[in-house]
Amino acid sequence: MNTEPAMRSIPLVDLRAQQAEVNDEVTGGLAEVFGNTSFIGGHQVAEFERAYADFLGARHCLGASNGTDALELALRAAGIEAGDEVILPANTFIATAEAVCRIGAVPVLVDVDPEYLLIDPAAVERAVTERTRAIMPVHLYGQSAFIEALEPMAAAHDLAIIEDAAQAQGARRHGRAAGTIGLAAGTSFYPGKNLGAAGDAGAVITNDPALAERARILGAHGSAAKYEHDVVGFNARMDTVQAVVLNAKLKKLSGWNAQRRLAAERYAELLHGLPGVVVPRSAPGNEDVWHLYVIRVPERDRVLKALNEAGIGAGIHYPYPLHLTKAFASLGQPAGSFPVSELAATRILSLPLYPHITAEQQQRVVEALSLAL
């Protein structure tokens, strides 16, 4: 009879070590919030907004209730209206397109490039029409999209660039921080993000003071002063509790991102030469933050099942391009419309990666993967 203790599973994301690093500061901050009952609009929200803007090198940051609301606020504050077309990649989380639909605008999907799976600038240019008002590049997996290729066409057609920076907190392209390059950006602080709250939270980032003011009013029921409602807005405020957590974690973010980069380098070394595995790499000019470590393998579903059965918390981001979800079937774009995104969706596999993953854990992941191939 085997009396050895069972080997612990390796999760896709492990937030416990992060929480341990900030626990004392968070506990003290929460005690203050509950003591003075400043649950909405406490000073910690403004402190976080200033600190995160400084971290990115942006002029303005507005805390929001979640990443989807932040994207909607950015779009609405940029003047995007019902019937306008917004170009975005087919390979993204559904929230990118949801934010467009929620204001009555039309999501126009385009394919991604085959190497980095980021929005393809050439496909964007082909998709521009007289109704196009914005381009929404997604900084996916911790990478920065190739915005410098989008800027000339945006200028030529008078289009706003609204960044989806939910997976790239701290990422840079040619020295420019993701979320600060376009007119505005929305980001998410969902707990599993590089900078994660203790629940839902997000933010709008911009260098435009007028847009920042419009977004703040829209996210507070269209009100700049209590009971004075100039426009129809909605409630998209960040809770003070989340600001406490984010203030504490933001101080650690640069170090945690550096740990993610080291873990990505270890994976690249461990996976080198493994048959059939396509290993991700950083695009020239990018300083990635490795929100996800996404490889590509044949027979992905079988490999994923084998990894999960071996206690490895691998996952898929994302199994369906937007046009092949039921939610967006109305776009009328059948299979074959975006071949790069569709092929990637059958092969992408996210391996466990978080700041505190150990070399031994990564070795176990790769060993299990080699057996599963």
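Check the entry above for the structure.
The shown structure was predicted, so the numbers you read here are calculated from the model rather than taken from an experiment.

Quick notes on the rules
Residues numbered from 1 in each chain as written. Predicted model: local features only at pLDDT ≥ 70, side-chain atom pairs only at ≥ 80, totals over all residues. Heavy atoms only, no water. Helix = DSSP H or I, 4+ residues; strand = E, 2+ residues; numbered from the N terminus. Rg over C-alpha atoms; globule rule 2.2 N^0.38 Å. Buried < 20%, exposed > 50% of the residue type's maximum accessible area, 1.4 Å probe, protein only. Contact = heavy atoms within 4.5 Å. Areas by Shrake-Rupley, 256 points an atom, 1.4 Å probe, with all protein chains shown as cover. Lys, Arg positive; Asp, Glu negative; His and termini not counted. Charge placed at Lys NZ, Arg CZ, Asp CG, Glu CD. Pairing = 2+ DSSP bridges. Right-handed = clockwise from strand over helix to strand, strands pointing away. Core = buried A, V, L, I, M, F, W, Y, C linked by side-chain atoms within 4.5 Å. Phe/Tyr/Trp six-rings, centres within 6.5 Å; stacked < 30°, edge-to-face > 60°. Salt bridge = Lys/Arg side-chain N within 4 Å of Asp/Glu carboxyl O. Axes fitted to C-alpha atoms, helices over the stretch in contact; angles between N-to-C directions. Parallel < 35°, antiparallel > 145°, perpendicular 65-115°, else oblique. Left-handed = near helix turned anticlockwise from the far one by under 90°. Nonpolar A, V, L, I, M, F, W, Y, C, P; charged D, E, K, R; others polar.

1. Concerning the overall build of the chain
Piece 1. When its secondary structure is counted, the chain shows 11 helices and 14 strands.
Piece 2. Relative to the 2.2 N^0.38 estimate, which gives 21 Å for 373 residues, the radius of gyration of the chain is 21 Å and therefore close to what a compact globule would have.
Piece 3. Reported as C-alpha extents along the three principal axes, the dimensions of the chain are approximately 75 × 55 × 35 Å.
Piece 4. Taken across its 373 residues, the chain has 55% of its residues classed as buried.
Piece 5. Partitioning the contacts of the chain with sequence separation of at least 6, the portion at a separation of at least 24 is 70%.
Piece 6. For the chain, the accessible area works out to roughly 16,000 Å², and carbon and sulfur atoms hold 55% of it.
Piece 7. The positive charge centre, built from 31 side chains, and the negative charge centre, built from 42, are 2 Å apart in the chain.

2. Focus on the pairing of strand E3 (residues 106–110)
Piece 1. Along E3, 4 of the 5 residues are buried, which leaves the element largely enclosed by surrounding structure.
Piece 2. Of the pairings in the sheet, the one linking strand E2 (residues 85–89) to E3 comprises 5 bridges and is parallel in character. Bridge pairing in E3 links Val86 to Pro107.
Piece 3. After leaving E2, the chain enters helix H4 (residues 95–102) and then returns to the sheet as E3, a path that is right-handed.

3. Overview of the nonpolar core
Piece 1. Among the nonpolar cores identified, the biggest contains 33 residues, and Leu75, Val86 and Met136 are the most heavily contacted of them.
Piece 2. Those elements giving two or more residues to this core turn out to be strand E1 (60–64), helix H3 (67–77), E2, H4, strand E5 (160–164) and helix H7 (209–218).
Piece 3. By residue number, the principal contributor to this core is H3, which donates 6 residues.
Piece 4. Setting aside anything within four residues of it in sequence, one finds Met136 in contact with Leu71, Leu75, Val86, Ile87, Leu88, Pro89, Thr96, Val100, Ile119 and Ile162.

4. A word on the packing of aromatic side chains
Piece 1. Counting across every chain of the model gives 9 aromatic pairs.
Piece 2. Aromatic side chains Tyr52 and Phe55 sit 6.0 Å apart centroid to centroid with 15° between the ring planes, which places their arrangement in the stacked category. With Tyr52 and Phe55 both in helix H2 (residues 43–56) and 3 residues apart, the pair spans about one turn of that helix.
Piece 3. The buried category is assigned to Tyr52, whose relative accessible area is 2%.
Piece 4. According to the relative accessible area criterion, Phe55 is partly exposed, its value standing at 22%.
Piece 5. By the ring-pair criterion, three or more aromatic residues cluster together here, those being Phe48, Tyr52, Phe55 and Phe189.

5. So, the pattern of salt bridges
Piece 1. Tallying each qualifying case throughout the model produces 16 salt bridges.
Piece 2. For the salt bridge of Glu85 with Arg131, the shortest nitrogen-to-oxygen distance reads 3.8 Å. Highlighted residues: Glu85 in strand E2 and Arg131 in the loop between helix H5 (121–127) and strand E4 (132–135), separated in sequence by 46 residues.
Piece 3. Its relative accessible area of 10% is what places Glu85 among the buried residues.

6. A word on the sheet that holds E1
Piece 1. What the 7 strands build is an open sheet, ordered E1-E9-E8-E5-E4-E2-E3; its pairing is mixed. The sheet terminates laterally at E1 and E3, the two strands that pair on one side only. Sheet twist, expressed as the average angle between the axes of neighbouring strands with direction ignored, equals 25°.
Piece 2. Two elements, E1 and strand E9 (residues 202–206), share 5 bridges in a ladder whose sense is antiparallel. Bridge pairing in E9 links His60 to Thr206.
Piece 3. Packed on one face of the sheet, H3 meets E1, E2, E5, strand E8 (184–188) and E9 and runs near 170° to E8.

7. A short note on the side chain of Thr68
Piece 1. Inspection of the secondary structure assignment puts Thr68 in helix H3.
Piece 2. Of the residues examined, Thr68 reaches a relative accessible area of 17% and is grouped as buried.
Piece 3. If we skip the residues at most four places from it in the chain, Thr68 touches Ala95, Glu98, Ala99 and Arg102.

8. As for the packing of H3 against H4
Piece 1. In contact at an axis separation of 9 Å, H3 and H4 are set at 45° when each is read in the N-to-C sense. The angle between the axes of H3 and H4 places the two elements in the oblique class. Classified by chirality, the crossing of H4 by H3 is right-handed. Facing Thr68, Asp69, Leu71, Glu72 and Leu75 of H3, the residues of H4 in contact are Ala95, Thr96, Glu98, Ala99, Val100 and Arg102.
Piece 2. Residue composition of the contact of H3 with H4, by class: 5 nonpolar, 2 polar and 4 charged.

9. Thoughts on the environment of Ile295
Piece 1. Inspection of the secondary structure puts Ile295 in strand E13 (residues 293–296).
Piece 2. A C-alpha to C-alpha distance of 27 Å links Ile295 and Val108, two positions 187 residues apart in sequence.
Piece 3. Setting aside its immediate chain neighbours within four residues, Ile295 contacts Leu271, Val277, Val278, Pro280, Arg347, Ile348, Leu349, Leu351 and Leu369.

10. Notes on the environment of Ala243
Piece 1. Of note, Ala243 is situated in helix H8 (residues 240–271).
Piece 2. Filtering out sequence-adjacent residues up to four positions away, Ala243 remains in contact with Gln44, Val45, Phe48 and Met238.

Such coordinate-based values are descriptive only and should not be taken to indicate function.
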